[in-house]
Structure formats: C-alpha cells, structure tokens
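Observations on the three-dimensional arrangement
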Amino acid sequence: MSDNTNYKLIDGKKIATEIKSEIAARIKQLEDEGKRAPHLAAVLVGEDGASKTYVASKEKASKEVGFTSSVYRYPETISEKELLEAIDFLNNDSEIDGFIIQLPLPKHINESKIIDAVSPKKDVDGFNPVNIGKMILGFSTFLPATPFGIQMLLERSGVETVGKHCVVLGRSNIVGTPIANMLSRNASNANCTVTLCHSRTPNLAEITRQADILIVAIGKPLFLKAEMVKEGATVIDVGIHRIEDSSSEKGYRIVGDVDFDNVAPKCSHITPVPGGVGPMTIVSLLSNTLKAYSENNNL
Ligand code: NAP
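Residues numbered from 1 in each chain as written. Predicted model: local features only at pLDDT ≥ 70, side-chain atom pairs only at ≥ 80, totals over all residues. Heavy atoms only, no water.

1. Regarding the sheet that holds strand 11 (residues 267-270)
Sheet architecture is open: six strands sit in the order 1-11-8-7-5-6, paired in parallel fashion. Looking at strand neighbours, the two that pair on one side only are strand 1 (8-9) and strand 6 (193-197), the edges of this open sheet. Sheet contacts for helix 7 (residues 176-184): strand 5 (165-169), strand 6 and strand 7 (213-216); angle to strand 6, the most-contacted strand, approximately 170°. (Pairing = 2+ DSSP bridges. Helix = DSSP H or I, 4+ residues; strand = E, 2+ residues; numbered from the N terminus. Contact = heavy atoms within 4.5 Å. Axes fitted to C-alpha atoms, helices over the stretch in contact; angles between N-to-C directions.)

2. Thoughts on the state of the cysteines
Overall, the coordinates contain zero disulfides when judged by the stated rule. Summary of cysteine pairing: Cys197 is not part of a disulfide, and the nearest cysteine sulfur, belonging to Cys166, is at 9.9 Å. Take Cys267: it sits in no disulfide, and the sulfur closest to it among the cysteines is that of Cys166, at 14 Å. (Disulfide = S-S within 2.5 Å.)

3. Section: the domain arrangement of the protein
Under the domain assignment used here, the protein contains domain 1 (34-119) and domain 2 (144-278). Each of domain 1 and domain 2 has a C-alpha centre, and these two points are 28 Å apart. (Domains from an automatic or database assignment.)

4. Structural notes on the site of the ligand
The immediate surroundings of the ligand are formed by 22 residues, with Arg171, Ser172, Ser199, Val238 and Thr281 found nearest. Within the contact set of the ligand, an oxygen atom lies 2.7 Å away from a side-chain nitrogen or oxygen of Arg171. At 3.4 Å, a backbone N or O of Val238 approaches an oxygen atom of the ligand. Against a free-state accessible area of 930 Å², the protein chains account for coverage of 70% of the ligand. Of all the elements, helix 10 (residues 277-296) adds the most residues to the shell around the ligand, at three residues. For the shell around the ligand, the residue count by class is nine nonpolar, ten polar and three charged. (Near = heavy atom within 4 Å. Polar contact = N/O pair within 3.5 Å; in protein donor to acceptor, adjacent residues only side chain to side chain. Areas by Shrake-Rupley, 256 points an atom, 1.4 Å probe, with all protein chains shown as cover. Nonpolar A, V, L, I, M, F, W, Y, C, P; charged D, E, K, R; others polar.)

5. Focus: the pairing of strand 11
In this structure, strand 1 lies alongside strand 11, joined through two bridges in parallel fashion. Each residue of the ladder has a partner; that of Lys8, found in strand 11, is His269. Here strand 8 (residues 233-237) runs beside strand 11; their pairing, made up of three bridges, is parallel. Within the sheet, the bridge partner assigned to Thr234 lies in strand 11 and is His269.

6. Some points on helix 1 (residues 12-32)
The end-to-end C-alpha separation of helix 1 is 30 Å, in line with the 30 Å expected for 21 residues at 1.5 Å each. Burial in helix 1 covers these residues: Gly12, Ile15, Ala16, Ile19, Lys20, Ile23, Ile27 and Leu30. Angularly, the buried residues of helix 1 cover 135° about the axis, an arc narrow enough to put them on a single face. Counted as exposed and oriented over 90 degrees from the buried face of helix 1: Lys14 and Asp32. Turning to helix 1, the residues buried within the fold contact helix 2 (49-65), helix 6 (145-156) and helix 10. Among the residues of helix 1, the N-terminal cap falls to Asp11, whose side-chain oxygen and the backbone nitrogen of Lys13 are separated by 3.2 Å. (Expected span 1.5 Å × (residues − 1). Buried < 20%, exposed > 50% of the residue type's maximum accessible area, 1.4 Å probe, protein only. Arc of directions from axis to C-beta.)

7. Observations regarding a nonpolar patch on the surface
There is a patch of nonpolar side chains on the surface, built from Tyr54, Ile240 and Ile254 and spanning about 270 Å² of accessible area. Mapped onto the secondary structure, Tyr54 falls in helix 2. (Patch = residues over 30% accessible without salt bridge, like charges linked within 9 Å, V, L, I, M, F, W, Y side chains within 5 Å. Salt bridge = Lys/Arg side-chain N within 4 Å of Asp/Glu carboxyl O.)

8. Describing the packing of aromatic side chains
The geometry of two aromatic rings is summed up by the distance between their centres and the angle between their planes. Counting across every chain of the model gives two aromatic pairs. Positioned above the aromatic ring of Tyr252, the side-chain terminus of Arg242 is 4.0 Å from the ring centre. (Phe/Tyr/Trp six-rings, centres within 6.5 Å; stacked < 30°, edge-to-face > 60°. Lys NZ or Arg CZ within 6 Å of the ring centre and 35° of its normal.)

9. Thoughts on the pattern of salt bridges
The full count for this structure, using the stated rule, is 16 salt bridges. Residues Lys230 and Asp212 are paired through a salt bridge, measuring 2.7 Å at the closest nitrogen-oxygen approach. With a gap of 18 residues between them, Lys230 in the loop between strand 7 and strand 8 and Asp212 in the loop between helix 8 (204-208) and strand 7 connect regions that are remote in the sequence. When its relative accessible area of 23% is taken as the criterion, Asp212 is described as partly exposed. With its nearest N and O atoms 2.8 Å apart, the salt bridge here joins Asp259 to Lys225. Placement of Asp259 in the loop between strand 10 (252-255) and helix 9 (260-263) and of Lys225 in the loop between strand 7 and strand 8 is noted, with a sequence separation of 34 residues between them. On the basis of relative accessibility, which here comes to 28%, the residue Lys225 falls in the partly exposed class. One continuous salt-bridge network, built from bridges that share partners, spans Glu18, Glu22 and Arg156.

10. Points about the sheet that holds strand 4 (residues 98-101)
The strands that make up a sheet pair up through hydrogen bonds in the backbone, lying either parallel or antiparallel. Reading across from one edge, 3-2-4 is the order of the three strands in this open sheet, with parallel pairing throughout. In this open sheet, the two strands that pair with only one neighbour each are strand 3 (68-74) and strand 4. Put simply, the sheet's adjacent strands are angled 15° from each other on average, direction ignored. For strand 2 (residues 39-45) and strand 3, the ladder comprises seven bridges, and the chain directions are parallel.

Right under this line is the structure:
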C-alpha cells in the first residue's frame, strides 16, 4: 500500500453549504420581487426512526435556504387508497412545488404504485418512471437526488470525468443505475466509460482496479479495500452504516461502504462518511425543488 497522505478529501458538507448559500441568495431575490418562497413537502408514513431523522434533516435544510416546508404524517396503518388520495391532494395543490415520499413504506403498500402516482412535475426525488425515462434520454428533468449530488461533488471538486473509466458498484434504482447512466452521457460533466458491477460480477477487484473513478453503493460496511483500488483513483463512498464502537462515547460510529483509512492513501480524491455524499443528497432535493418552482411558475 502507498503511504501517500496527499489525497484530497472531497468535503461534501462544505460543497453542500456553498450550494445552499447560492439557493438562499436566489430565494432572497424572489422575496425582494414579492414572490412566494418555493414549498417542499414530505410524506412520512409510520414511526421508523431513520425515516423520521431523514425527514427532519430535509425540513431543516429547507428552512435554512428560505423554503416553505411541510410534513404530512400518516400512521403505519394508512391504506394504499388513502395514501394515493393524499398524493392526489399534493399533486393538485398549487402552493406545493415539490414533494417526496419518504421510503420505505409499510409492506401492505405497493411502493411502485405510489412512486408512479407522484406528478412528474413535482417529483423532486426524481423517482417517477417518466423522469427516469427523461434522464435516460438526456431531457431536462429532476435527476435522482443522490446521483445528482455525486455529479455536483465531482464537478465542484474539479474531478475530470471526460474519457475516464468509471466503475459503479451496485445497481439500485436510486443510486447505482442512475449514476451509471448519468456519467456515461455525452455531456461535459460526464462522458465516462462506465462499468456497472453487482453481486453477480465475477473478479470484482480486477474491474475496480481499472477505475479512474470508483463509486461504491452496495450497502456493505467497509467493503472496499486498498487492493481493489488503482493508485490515484477518485473514490466516492455512498454507503452509510452505524457500526458498534466501544471506544466511542456513543458506542457506535458511522462508516461507509469504503474502508476509508485503508483506501484513502491510494486515492487522488475520496469522500468521507459522514460528510461526503450524504449532505449532497439533501441539497439536490433543494435544487430540484427550486427547478420545479421556477418551471411551474414560468420563471
Ligand atoms: P441496495 O438497493 O441495497 O443495492 C445494493 C447493490 O449492491 C445491489 O445492486 C447489489 O447487487 C450490489 N451488491 C451487494 N453486494 C455486492 C457485492 N458483494 N459485490 C458487488 N455488488 C454487490 O443499495 P442502495 O439503496 O443503492 O444503497 C447502497 C448504500 O448507500 C447503503 O448503505 C445505503 O444506506 C446508502 N445510501 C446512501 C445515500 C446517501 O444519501 N448518502 C442515499 C442512498 C443510499 P444485486 O443487484 O445483484 O443484488
């Protein structure tokens, strides 16, 4: 392993703060023009702790930039029909520019049906099939929040993508598949040659070692080790896990899918966990909401 300590940490928290300031400045401008603020709503079903935390941080970030924010809370027992009615209400409320359905939903509710019911014009999470289709065709749309955040991180950290080999680990609908598509597009912040790997990929390390840019979204704590990484690669860690740590006051620590201490010395750029991709996901949501507001109000 190299003993390089000159890798550049991609500070997602700092970049997210910069983008939030830019959004806040735009909201201030709209306010000065006498216009209402963009309104982002969230639908929260049940009492799942992680879901509540995510929704609370989205609410906090919305308020920080000057958005109006609201949370529609429903009990675990809500029926699919009632939830579809709630979505219909949000789709038709002209004061709400965008909304998200916090996932996962209770087992008795068909998640695909719910995602499909969100108006593509208000789908600021970028999960609706219409928006996914637009993304694939390269049309203007709401890009899925986490991949959009990754793309902004790369851009704002000066990581060159054109002509680079990007290897994506994981093919989920919300991270791996869309980021693989986005980075392979013919665009100045993309134009990578992309390899998408998953649990059936043989000789994974042979492939990851070819990556100039390695995006890891497999949901396995500390999975990526130094021997899987090429010297000088950029590593983006999407994973987020709470693991036991008796040396920490809280009894746990937060880690990603990448074994940071082991991998970082080999990298040119790497994201930390926490403070890397996580803060960017929320900022993407704010950017998408501002876009929805502008489009729905012909601004
Ligand atoms: P997911 O739906 O669990 O999908 C995991 C993917 O990894 C699947 O495609 C799976 O392959 C693949 N995989 C699993 N084990 C593998 C292995 N040993 N080798 C190669 N591929 C393997 O994951 P996700 O929703 O994308 O989430 C991934 C991680 O990112 C999680 O830790 C999640 O909490 C985190 N996350 C963070 C954010 C954020 O804002 N920071 C946002 C979303 C997700 P198969 O398809 O073959 O099963």
